[in-house]
Amino acid sequence: MGIKPPMSTPTKSPSISRTNHHQNPNNSMDISSSSSASEFNKSRYEAYNRLQAAAVAFGEKLHIPEIIVIGGQSDGKSSLLEALLGFRFNVREVEMGTRRPLILQMVHDDSAVEPRCRFQEEDSEEYGNPVSSASKIADIIKTRTEALLNKTKTTVSSKPIVMRAEYAHSPNLTIIDTPGFILKAKKGEPENTPEEILSMVKSLASHPHRLLLFLQQSSVEWCSSLWLDTIREIDPTLKRTIVVVSKFDNRLKEFTDRWEVDRYLGTSGYLGDNVHPYFVALPKDRGIVSNEDFRRQICKVDSDVLRHLREGVDGGFDEEKFGKFIGFGRLKEYLEAELQKRYRDSVPATLTLLEQRCDEVTTYLARAESKIRATSDVAYLRRSAMMHAASISTHVGALIDGAADPCAQQWGKTTKEEQLESGIGSWPGVSAEIKPPNSTLKLYGGAAFERVMHEFRCATYSIECPPVSIEKVANVLLANAGHGGGGKVTEAAAEIARSAARSWIAPLLDTVCDRLAFVLRNLFDLAVERNHSCDSFNYKRNNDDLDGYIGFHAALRHSYNCFVKDLANQCKQLIKHHLDSVTSSYSQVCYENDLLGSYVQGGSTIYRLNQAQGSQVSLELSDGKTPDQDEVTGVDQENIPPERNAQQTTPEQNTAAKDVQLTVPETPSPDQPRDNGKKKEHGNDNQPRGKMRHAKKAVNTRNMDHRRLQNAGDNLFVNSDIGSRSGSAYSEVFATATQYFCRIREVLIERSVPSALNAGFLTPCTEKLVVALGIDLFAVNDEKFMDMFVAPGAVDALQDERQSLCKRQKTLQSCLNEFKNIARSL
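Computed from a predicted structure; not experimentally measured. (Residues numbered from 1 in each chain as written. Predicted model: local features only at pLDDT ≥ 70, side-chain atom pairs only at ≥ 80, totals over all residues. Heavy atoms only, no water.)

**Q** Would you take a moment to explain the overall build of the protein for this structure?
**A** A tally of regular secondary structure across the protein gives 35 helices and eight strands. Burial analysis of the protein (826 residues in total) assigns 49% to the buried set. Intrachain contacts of the protein at a sequence separation of at least 6 include 84% that bridge at least 24 residues. With the model as given, the accessible surface of the protein reaches about 40,000 Å², and the carbon-plus-sulfur share is 50%. (Helix = DSSP H or I, 4+ residues; strand = E, 2+ residues; numbered from the N terminus. Buried < 20%, exposed > 50% of the residue type's maximum accessible area, 1.4 Å probe, protein only. Contact = heavy atoms within 4.5 Å. Areas by Shrake-Rupley, 256 points an atom, 1.4 Å probe, with all protein chains shown as cover.)

Structure follows, in structure tokens:
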């Protein structure tokens, strides 16, 4: 035990101390002085009792000196508490029935010939009517415990039961009894009950202002103690722990020589040199006896233990060293003296804490009264709410523009966190992992917005024009073959490119809108945080006035989220319009001269095809290359998409065109002669069909050589005689379509989408947000406006809160005045 007993504690029996006291020549003066000190200690003790009752009733965190009893089940806690009280109240019967702490406020009252026990009402500092029946006391403890646990749906609860016991034979002592540690739950209790009890006791005992009264029965050796390690976890040095060895009489019969007794009383070094346990034995007879007989039995057991140590052990024991730690009477004297000493020492700190709490409760009371007045002052609430909404809007704009606070480490998000928390995940149609610059940094606001925009560019540039089946090319090309005129390959390639852009880029546009909306939605919490920490007096005042109006804050958040959602929908429609415009058949994006200016070589193939007429063009789409040429430049190029650079960076505007390793012939000029003498070569209607069958047989062998690539799923034309011809119209159409797709993608990324998203998201957030919130929240009649502030029963709840605060203020103020008087008397 780290706490040494007071020097005035006698080393001999109490009778010797009383004898010496009567021999003092200044006896009458000592009696008068002792009586005065006793009255002062009692008044101080009563003051702490009232303060403790108020703390329990109102949930105040006041550091009141307290003694908390800890020990395992059947270690003698219940018997010790009854001995301290001076009467039995069947606490042993309710030990396993209670799962709540029990605060025993023992008050020495000479007028109480019989014990008077009163229980503090739940959530109140008032005490009920006196109870004297032992069985009724036990029933009240059980009933209150079961009612609370059923209400909270828990196994144990740290909310205490407070019992005040006034008795002429009780000391002025307050002790908190806790449920005993157990290794296994009893029948009918959850299996985790032992862990719940252990956790609760640790929480109660962790407060540094509480003394730990740890009980362990004498039959347990220190080296095998079950709960000593738990006590060391709470109080490693044991400076605030009082160790009590219970049932000491069970160990006495083992001692024969003095050295055995002294070694046991010295704890053999297991507790340290500064820890001196108390060795206590109490009556074992649980029969019904009067309270006076019970106290007489306690004294007799103490005398029997001392007599056995003096006479029953060869050589006795070191009474000068250990005598003051033997017997229940010595423990009782020490506990009362130590608690009074701690009460005296803690008065200044208690006085300071009470003054602080009184000021805080006064502030809470003024705020509650202000809320009650505000419920009838609609104009005041409108003004405060408008200023708060305007403040939030201002902070949102500041965050978009690049505010330096709040802390980015706490409030910012990485790219991966944005993807996970938004639930959007990866970009649709993009298999590669997109890592834009600064993806690992925690960003918010405008910085996060720009990073998502850059990530969108990287994702979009990583998509190439997908492989197109020969059937699709044939359907588009052949449908236009009979319409007459030139440029059929160009028109077919453009249509394929437009279709691919609509299919593959449109999902990316929806995704970028959703990601940007998520970034903007997160700004609301950041704006609230900035608003709370703002140095402006007006903002602070408004925050204090509106903090408790949960309905208004919920409505404000909902309105903001709806505003961002509407922006996202509008932006989706806007950029979809841009996509439709770029991919329209009337758009000239695909035909701009700067696209194909570098592909003038090899233009004769498309030139011939564009000049071809009739169905023969649709039936034989070959330029007459040999099989060897087909094998080198045909199927492989048709079925394998161009490789992409593995490094994910934002490409330049012409990067996509460079990645495609195909030569696209020059598109013929519309004014070039359509009949250049080669029409008959490819447009002969009398060409025998046997030639076609022969061509099909010739390519079957080559198709077998390329089945590995075709089976990989890279194309959809395995057995097509047309698709197997390299250098065919398919290759030319797909190569041209790839360039057109890249051009469409470039126009969207570099011209249309970024400006549309910036104008669609950022500009309204900085210029229109406050107006939108104002119209949504405040452009309503008073009755609907007040629904955000005064819910059904809200006024009654505010009145109840005010009444509770008034009562708390009155109680704490009374305690404060009392402790001021005590402080002046010290």
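Following the structure, the description resumes.
**Q** Mind showing me how you'd approach the pairing of strand E2 (residues 102–108) here?
**A** One face of the sheet, then the other: side chains in a regular strand alternate in exactly this way. Most of E2 sits out of view: six of its seven residues are buried. Pairing analysis gives seven bridges linking E2 to strand E4 (residues 161–167), with the strands arranged parallel. Among the inter-strand pairings, Val107 is bridged to a residue of E4, identified as Glu166. Relative to strand E5 (residues 173–177), E2 runs antiparallel, the two sharing five bridges. Opposite Gln105, over in E5, you have Thr174 as the bridge partner. (Pairing = 2+ DSSP bridges.)

**Q** How should a nonpolar patch on the surface be read in this particular structure?
**A** A cluster of nonpolar side chains, Val770, Val771 and Ile775, forms an exposed patch at the surface whose accessible area comes to about 260 Å². One can find Val771 in helix H33 (residues 769–778). (Patch = residues over 30% accessible without salt bridge, like charges linked within 9 Å, V, L, I, M, F, W, Y side chains within 5 Å. Salt bridge = Lys/Arg side-chain N within 4 Å of Asp/Glu carboxyl O.)

**Q** I would appreciate a short explanation of the side chain of Arg295 in the present structure.
**A** Within the secondary structure, Arg295 sits in helix H10 (residues 291–312). Despite its burial, Arg295 remains without a salt bridge, the nearest opposite charge being carried by Glu292 at 5.3 Å. At 3.3 Å, the side chain of Arg295 and the backbone oxygen of Gly86 are in polar contact. Setting aside residues up to four positions removed in sequence, Arg295 forms contacts with Gly86, Tyr167 and His169. (Lys, Arg positive; Asp, Glu negative; His and termini not counted. Polar contact = N/O pair within 3.5 Å; in protein donor to acceptor, adjacent residues only side chain to side chain.)

**Q** Explanation requested: the sheet that holds strand E7 (residues 241–246) in the structure shown.
**A** Strand order in this open sheet of eight strands is E3-E4-E2-E5-E1-E6-E7-E8, and the pairing throughout is mixed. Since the sheet does not close on itself, it has two edges, and those belong to strand E3 (116–119) and strand E8 (278–279), each with one partner. Its contacts with the sheet put helix H3 (residues 77–85) on strand E1 (66–71), E2, E4, E5 and strand E6 (210–217), and the angle it makes with E5 is roughly 160°. Running at roughly 10° to E3, helix H5 (residues 134–152) makes contact with E2, E3 and E4 of the sheet. (Axes fitted to C-alpha atoms, helices over the stretch in contact; angles between N-to-C directions.)

**Q** What's the story with helix H20 (residues 523–532) in this structure? I'm lost.
**A** Counting along an α-helix, one turn takes 3.6 residues, and residues three or four places apart therefore face a common direction. Along H20, the residues classified as buried are Leu523, Phe524, Leu526, Ala527, Arg530 and Asn531. Taken end-on, H20 shows its buried residues confined to a sector of 160°, consistent with a single buried face. (Arc of directions from axis to C-beta.)

**Q** Even after reading the chapter, I still don't get the nonpolar core, so can you show me in this structure?
**A** In globular proteins that are soluble, nonpolar side chains generally tend to be buried together. Judged by nonpolar contacts, the single largest core of 85 residues is most densely connected at Leu520, Phe552, Tyr560, Leu757, Phe761 and Phe789. When residues in this core are grouped by element, the largest group, 15 residues, is from helix H32 (residues 729–767). Sequence-distant contacts of Phe761, defined by excluding residues within four places in its chain, comprise Phe449, Cys513, Leu516, Ala517, Leu520, Leu567, Ala568 and Cys571. Among the nonpolar cores identified, the runner-up in size contains 62 residues, and Met106, Leu365, Leu816 and Phe819 belong to it. (Core = buried A, V, L, I, M, F, W, Y, C linked by side-chain atoms within 4.5 Å.)

**Q** Just checking my understanding: could you explain the side chain of Glu166 for this structure?
**A** Tracing the backbone shows Glu166 in strand E4. Glu166 gets classed as buried once you look at its relative accessible area, which sits at 11%. Looking at Glu166, its side chain comes within polar contact range of the side chain of Arg164, at 2.8 Å. If we skip the residues at most four places from it in the chain, Glu166 touches Val107, Asp109, Ala112, Glu114, Pro115, Arg116 and Arg118.

**Q** In this structure, what is going on with the pattern of salt bridges? I would like to understand it.
**A** Oppositely charged side chains may form a pair once their charged atoms are brought near each other. For the structure shown, the criterion picks out 42 salt bridges. Notably, a salt bridge pairs Arg118 with Glu166, separated by 3.4 Å at the nearest N-O pair. Taken as a pair, Arg118 in strand E3 and Glu166 in strand E4 lie far apart in primary sequence, 48 residues in all. Judged by its relative accessible area of 25%, Arg118 is partly exposed. In this structure, Arg251 engages Glu254 in a salt bridge whose closest nitrogen and oxygen atoms are separated by 2.8 Å. According to the relative accessible area criterion, Arg251 is buried, its value standing at 8%. A relative accessible area of 46% places Glu254 in the partly exposed class.

**Q** Honestly, the environment of Glu338 in this entry has me stumped. Any pointers?
**A** Residue position: Glu338 is located in helix H12 (residues 328–374). When its relative accessible area of 7% is taken as the criterion, Glu338 is described as buried. Taking the C-alpha atoms as reference points, Glu338 and Pro65, 273 residues apart in sequence, are found 10.0 Å from one another.

**Q** What is the right way to look at unusual backbone geometry in this model?
**A** Excluding glycine, a negative phi dihedral is what most residues carry, and trans is how most peptide bonds are arranged. For the bond from Asp405 to Pro406, the omega torsion is 5°, close enough to zero to count as cis. For Pro406, the position within the fold is in the loop between helix H13 (378–401) and helix H14 (408–411). Located in the positive-phi region is Asp123, a residue other than glycine, with phi close to 60°. Note on placement: Asp123 falls in the loop between E3 and H5. Phi is positive for Lys247, close to 55°, though the residue is something other than glycine. Along the chain, the position of Lys247 falls in the loop between E7 and helix H8 (249–252).

**Q** Please clarify how the packing of H20 against helix H22 (residues 550–582) should be interpreted in this entry.
**A** Relative placement of two packed helices is described by the angle separating their axes and the distance separating the axes. H22 packs onto H20 with a crossing angle of 135° between their chain directions and a minimal axis gap of 10 Å. Relative to H22, H20 is oriented oblique. Between H20 and H22 lies a crossing whose hand is right-handed. In contact with Leu523, Phe524 and Asp525 of H20, H22 contributes Leu556, Arg557 and Tyr560. (Parallel < 35°, antiparallel > 145°, perpendicular 65-115°, else oblique. Left-handed = near helix turned anticlockwise from the far one by under 90°.)

**Q** I would appreciate a short explanation of H3 in the present structure.
**A** Among the nine residues that make up H3, nine are buried, leaving the element largely enclosed by the rest of the structure. Phi for Gly86, located one or two positions after H3, is positive at around 90°.

**Q** For this particular structure, what's the right way to read the confidence of the model for the protein?
**A** Low pLDDT means the predicted coordinates in that region are not meant to be read closely. Chain-level statistics for the protein give a pLDDT mean of 74 and a share of 73% at 70 or above. Confidence over residues 535–544 falls short of pLDDT 50; this stretch has eleven contacts with residues more than four positions distant or in other chains. The low-confidence segment residues 593–727, where pLDDT is below 50, has 175 contacts with residues more than four positions distant or belonging to other chains. (pLDDT = per-residue confidence, 0-100.)

**Q** It is not clear to me how the packing of aromatic side chains should be interpreted in this structure. Could you clarify?
**A** When we look at a pair of aromatic rings, we describe it by the centre distance and by the angle of the planes. Counted by the stated rule, this structure contains 15 aromatic pairs. Taking the centre distance of 6.3 Å and the plane angle of 15° together, the rings of Phe248 and Tyr264 count as stacked. Residue Phe248 is located in the loop between E7 and H8, and its partner Tyr264 is located in helix H9 (residues 258–265); the two are separated by 16 residues in the primary sequence. Pairing Phe255 with Tyr264 gives two aromatic rings, centres 5.5 Å apart and planes at 50°, and the pair type is tilted. Across the pair, Tyr264 and Phe255 agree in class, each one buried. An aromatic cluster of three or more residues is present, and its members are Tyr45, Tyr48, Tyr343 and Phe819. Its end group placed over the ring of Phe785, Arg382 keeps NZ or CZ at 4.5 Å from the ring centre. (Phe/Tyr/Trp six-rings, centres within 6.5 Å; stacked < 30°, edge-to-face > 60°. Lys NZ or Arg CZ within 6 Å of the ring centre and 35° of its normal.)

**Q** In this structure, what is going on with the packing of H13 against H22? I would like to understand it.
**A** H22 packs onto H13 with a crossing angle of 40° between their chain directions and a minimal axis gap of 12 Å. Of the possible angle classes, the one that applies to H13 and H22 is oblique. H22 is crossed by H13, and the crossing has right-handed handedness. Packed against H13, whose contacting residues are Ala385, His388, Ala389, Ile392 and Val396, the element H22 presents Phe552, His553, Leu556 and Tyr560 at the interface. Counted by class, the contact of H13 with H22 contains seven nonpolar, two polar and no charged residues. (Nonpolar A, V, L, I, M, F, W, Y, C, P; charged D, E, K, R; others polar.)

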